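What the coordinates show
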Amino acid sequence: MVRIHTKQTAAGLRTNRVLAPLVKKGDLAVVSAHYSLDTGRVEVLTGAPSA
């Protein structure tokens, strides 16, 4: 449930009228990720920019 909510929130930010032009231009990346308190690992879910 947390991962789904995180992805949906990031998608909403990417389509926000103020942020969307910056995302489209490549000046802003909205990345969703999940941090595990158990393992200390971060799992990138969506939006990670490619090098």
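Above this text is the structure in question.
Residues numbered from 1 in each chain as written. Predicted model: local features only at pLDDT ≥ 70, side-chain atom pairs only at ≥ 80, totals over all residues. Heavy atoms only, no water.

Thoughts on the overall build of the chain
From N to C terminus, the chain includes two helices and two strands. Tracing the chain from N to C terminus, the helices and strands come up as α-α-β-β. Taken over the C-alpha atoms alone, the chain extends approximately 35 × 25 × 10 Å along its principal axes. Residue pairs in contact within the chain that sit at least 24 positions apart in sequence constitute 27% of those at least 6 positions apart. (Helix = DSSP H or I, 4+ residues; strand = E, 2+ residues; numbered from the N terminus. Contact = heavy atoms within 4.5 Å.)

Brief notes about the pattern of salt bridges
Scanning the entire structure with this criterion turns up two salt bridges. One salt bridge in this structure joins Arg3 and Glu43, with 3.0 Å as the shortest N-O distance. With Arg3 in helix H1 (residues 2-14) and Glu43 in strand S2 (residues 42-46), this pair connects stretches of sequence that are 40 residues apart. Here Lys25 makes a salt bridge to Asp27, at a shortest N to O gap of 3.2 Å. A relative accessible area of 63% places Lys25 in the exposed class. (Salt bridge = Lys/Arg side-chain N within 4 Å of Asp/Glu carboxyl O. Buried < 20%, exposed > 50% of the residue type's maximum accessible area, 1.4 Å probe, protein only.)

Keep in mind that these numbers describe shape and distance, not what the molecule does.
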